[in-house]
Structures are given as C-alpha cells and as structure tokens.
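The lines below spell out each chain.
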Amino acid sequence: MSGWHAGPGETGPGPARPVPRAPSGLFPAGAPMRPVWREPHPVTGAGVASGAVTAFAWLLLFGLLGRDVPGYAWWTLIGGTLAWVAAAALVRYGDRGVATGVAIVTAGGWSIAAAVVAVRWAQSGNWPLW
C-alpha cells in the first residue's frame with residue numbers, strides 16, 4: 001500500500017490526503033456532552049419585590065401588636081423569626097426570589113427594632129427588654 005487513499009471519483013495518485021483516523025479520546029472531535037441545569041424558579045425582580053412587600057406588611061402588623069418599646073421589639077422578633085422560617089421553606093421548595101425579598105426586609109426590620117431598643121436604652125439608662 002502506498003499510503004494513498006482514493007476518494008470518490010479519483011482514479012490515481014494526486015495530491016496527498018491524510019489518512020482518516022478515529023479520535024483517540026484525548027482530544028474529542030465534537031462538542032462535549034454537558035448536562036443543562038435550569039433552575040425551576042429563577043430569581044426575578046418581581047419575586048424579590050413581592051417578597052419584600054409581603055414581609056414589610058407582615059412585620060408592620062406584628063410591630064403594631066406591641067403597645068410599648070419592649071412589646072414592639074418582641075413582636076418584631078417573633079414576626080421576623082416566622083418570616084425567616086417561611087423564607088427557608090421557600091428557598092427549599094418554592095420561589096427563591098420571594099425568599100430573598102422576605103429575608104432582606106426581615107433583616108431591615110430587625111435592625112430598626114434594634115435601633116429603637118438602643119435609643120430607648122441610651123435615653124433611660126435601663127435595658128428596655130426585661
């Protein structure tokens with residue numbers, strides 16, 4: 001064999017053509033087969049906004065249950081804990097965007113309650129939560 005492979009319609013030796021070889025696998029011939037993972041509930045701005053509005057209303061209602069600073073702080077802490085439990089369930093089983101909005105607003109609500117407690121403590125010199 002002379003190393004010449006005739007293609008269709010070729011009758012004699014012409015320009016040299018490489019011998020066709022099967023790929024070794026070290027350098028794959030085609031695009032790699034990769035799985036495509038899609039999130040069932042992608043995070044969207046509308047989801048984050050709806051979670052934020054819902055958490056704001058939730059914390060507002062819980063905060064209004066308190067008649068004074070300690071009551072406001074404790075009700076906000078309880079409402080925020082329940083909201084975070086709901087956000088954790090949403091992260092696992094539901095919409096992660098809504099859970100993000102709930103978590104962000106709950107953290108902000110807790111920060112406001114902590115600031116109110118700190119201001120009252122600074123004004124009175126007495127810890128207001130006991």
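Everything that follows concerns the structure shown earlier in this document.
Definitions and cut-offs
Residues numbered from 1 in each chain as written. Predicted model: local features only at pLDDT ≥ 70, side-chain atom pairs only at ≥ 80, totals over all residues. Heavy atoms only, no water. Axes fitted to C-alpha atoms, helices over the stretch in contact; angles between N-to-C directions. Helix = DSSP H or I, 4+ residues; strand = E, 2+ residues; numbered from the N terminus. Parallel < 35°, antiparallel > 145°, perpendicular 65-115°, else oblique. Left-handed = near helix turned anticlockwise from the far one by under 90°. Contact = heavy atoms within 4.5 Å. Expected span 1.5 Å × (residues − 1). Buried < 20%, exposed > 50% of the residue type's maximum accessible area, 1.4 Å probe, protein only. Polar contact = N/O pair within 3.5 Å; in protein donor to acceptor, adjacent residues only side chain to side chain. Patch = residues over 30% accessible without salt bridge, like charges linked within 9 Å, V, L, I, M, F, W, Y side chains within 5 Å. Areas by Shrake-Rupley, 256 points an atom, 1.4 Å probe, with all protein chains shown as cover. Salt bridge = Lys/Arg side-chain N within 4 Å of Asp/Glu carboxyl O. Phe/Tyr/Trp six-rings, centres within 6.5 Å; stacked < 30°, edge-to-face > 60°. Core = buried A, V, L, I, M, F, W, Y, C linked by side-chain atoms within 4.5 Å. Nonpolar A, V, L, I, M, F, W, Y, C, P; charged D, E, K, R; others polar.

A. Up close: the packing of helix H1 (residues 45-65) against helix H2 (residues 69-93). Where H1 meets H2, the closest approach of the two axes is 7 Å, and the angle between their N-to-C directions is 150 degrees. Viewed along their axes, H1 and H2 adopt a mutual orientation that is roughly antiparallel. Our pair here, H1 against H2, has a crossing hand that is right-handed. In contact with Trp-58, Leu-59, Phe-62, Gly-63 and Leu-65 of H1, H2 contributes Tyr-72, Trp-75, Thr-76, Ile-78, Gly-79, Gly-80, Leu-82 and Ala-83.

B. Molecular detail of helix H3 (residues 96-124). Over its 29 residues, H3 runs 42 Å from end to end, which matches the ideal 42 Å to within 8%, given 1.5 Å per residue. Of the residues making up H3, those classed as buried are Gly-97, Val-98, Ala-99, Gly-101, Val-102, Thr-106, Gly-109, Ala-113 and Val-117. Contacts from the buried residues of H3 go to H1 and H2. N-cap assignment for H3: the residue whose side-chain oxygen lies 3.1 Å from the backbone N of Gly-97 is Asp-95. Phi turns positive one or two residues past the end of H3, at Gly-125, with a value near 75 degrees.

C. Quick peek at a nonpolar patch on the surface. On the surface, Trp-58, Leu-65, Trp-75, Ile-78 and Leu-82 cluster together into a nonpolar patch covering about 470 Å² of accessible area. A per-element tally of the nonpolar patch places H2 first, with 3 residues. By the secondary structure assignment, Trp-58 is in helix H1. Take Trp-58: its relative accessible area is 36%, and that puts it in the partly exposed class.

D. Local environment of the packing of aromatic side chains. Inspection of every chain in the model, using the stated rule, returns 5 aromatic pairs. Between Trp-84 and Trp-110, the ring centres sit 5.0 Å apart and the planes meet at 50 degrees, which makes this aromatic pair tilted. Taken as a pair, Trp-84 in helix H2 and Trp-110 in helix H3 lie far apart in primary sequence, 26 residues in all. A network of ring pairs unites the aromatic residues Trp-58, Phe-62 and Trp-75 as a single cluster.

E. A look at the nonpolar core. Formed by Ala-55, Ala-83, Ala-87, Val-98, Ala-99 and Val-102, the largest nonpolar core amounts to 6 residues. Elements represented by at least two residues in this core include exactly H2 and H3. Ignoring any residue separated from it by four or fewer positions in sequence, one finds Val-102 in contact with Gly-51, Ala-52, Ala-55, Ala-83, Trp-84 and Ala-87.

F. View of the side chain of Thr-106. If you trace the backbone, Thr-106 turns up in helix H3. Filtering out sequence-adjacent residues up to four positions away, Thr-106 remains in contact with Ala-55, Leu-59, Gly-80, Ala-83 and Trp-84.

G. Broad picture of the packing of H2 against H3. At their nearest, the axes of H2 and H3 sit 9 Å apart, and the two run at 165 degrees to each other. Viewed along their axes, H2 and H3 adopt a mutual orientation that is roughly antiparallel. Remark: the crossing between H2 and H3 carries left-handed chirality. Of the residues that constitute the contact of H2 with H3, the class distribution is 19 nonpolar, 5 polar and 2 charged.

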